[in-house]
Amino acid sequence: MSFFSRWGYLVTVFFLVAAFLAGGVGVAYHLTRESTSVLLFLFWGILCAGFGRKLDRPEKPSALFGIRIEYWGYGFIVLAVIDAILNWNNITRDWFASA
C-alpha cells in the first residue's frame, strides 16, 4: 500500500492552509481555542471535500492511506460538528460576543 496516490498529499497541505486560516480568524476575532479548533476542522474539511471532487477522476483516484480526499473532507466536517457539540458552552460565548 502506498502512502498517497496522485493528489493524496494535498490533505496535509490543506491542513497547513486551514491552520493558518483558523488561527488568523481566531486572533482577529479573539476566539477561544475551542472555537478555533472547530474552524480548523471546518476549513480543512471544506478544502479537502471541494478539491477532492474537482481533482479526482474515476480511473485515477487521489487517496491518502487508501482513503479518497473527498472522504477525508467529509470526515473532518463531521469532526467539526462533533467538536462544536462537545464544546458548545465555550463556543456560544465567542460567537455571541463577536456578532
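Relevant structure appears above.
Small disclaimer: the values here were computed from a predicted structure and weren't measured.

(A) Here's a closer look at the sheet that holds strand β3 (residues 67–68). Read from one edge of the open sheet, 3 strands run β1-β2-β3, paired in antiparallel fashion. Looking at strand neighbours, the two that pair on one side only are β1 (4–5) and β3, the edges of this open sheet. Pairing geometry for β1 and strand β2 (residues 63–64), over 2 bridges, is antiparallel. Each bridged residue has a counterpart across the sheet, and for Phe4 the counterpart in β2 is Leu64.

(B) Structural detail: the nonpolar core. Among the nonpolar cores identified, the biggest contains 14 residues, and Val11, Phe14, Trp44, Cys48 and Phe76 are the most heavily contacted of them. Elements with a minimum of two residues in this core: α1 (10–28), α2 (33–55) and α3 (69–86). Setting aside chain neighbours within four positions, we find Phe76 in contact with Val11, Phe41, Trp44, Gly45 and Cys48.

What counts, and at which threshold
- Residues numbered from 1 in each chain as written.
- Predicted model: local features only at pLDDT ≥ 70, side-chain atom pairs only at ≥ 80, totals over all residues.
- Heavy atoms only, no water.
- Pairing = 2+ DSSP bridges.
- Helix = DSSP H or I, 4+ residues; strand = E, 2+ residues; numbered from the N terminus.
- Core = buried A, V, L, I, M, F, W, Y, C linked by side-chain atoms within 4.5 Å.
- Buried < 20%, exposed > 50% of the residue type's maximum accessible area, 1.4 Å probe, protein only.
- Contact = heavy atoms within 4.5 Å.

Nothing here speaks to function; it is all geometry.
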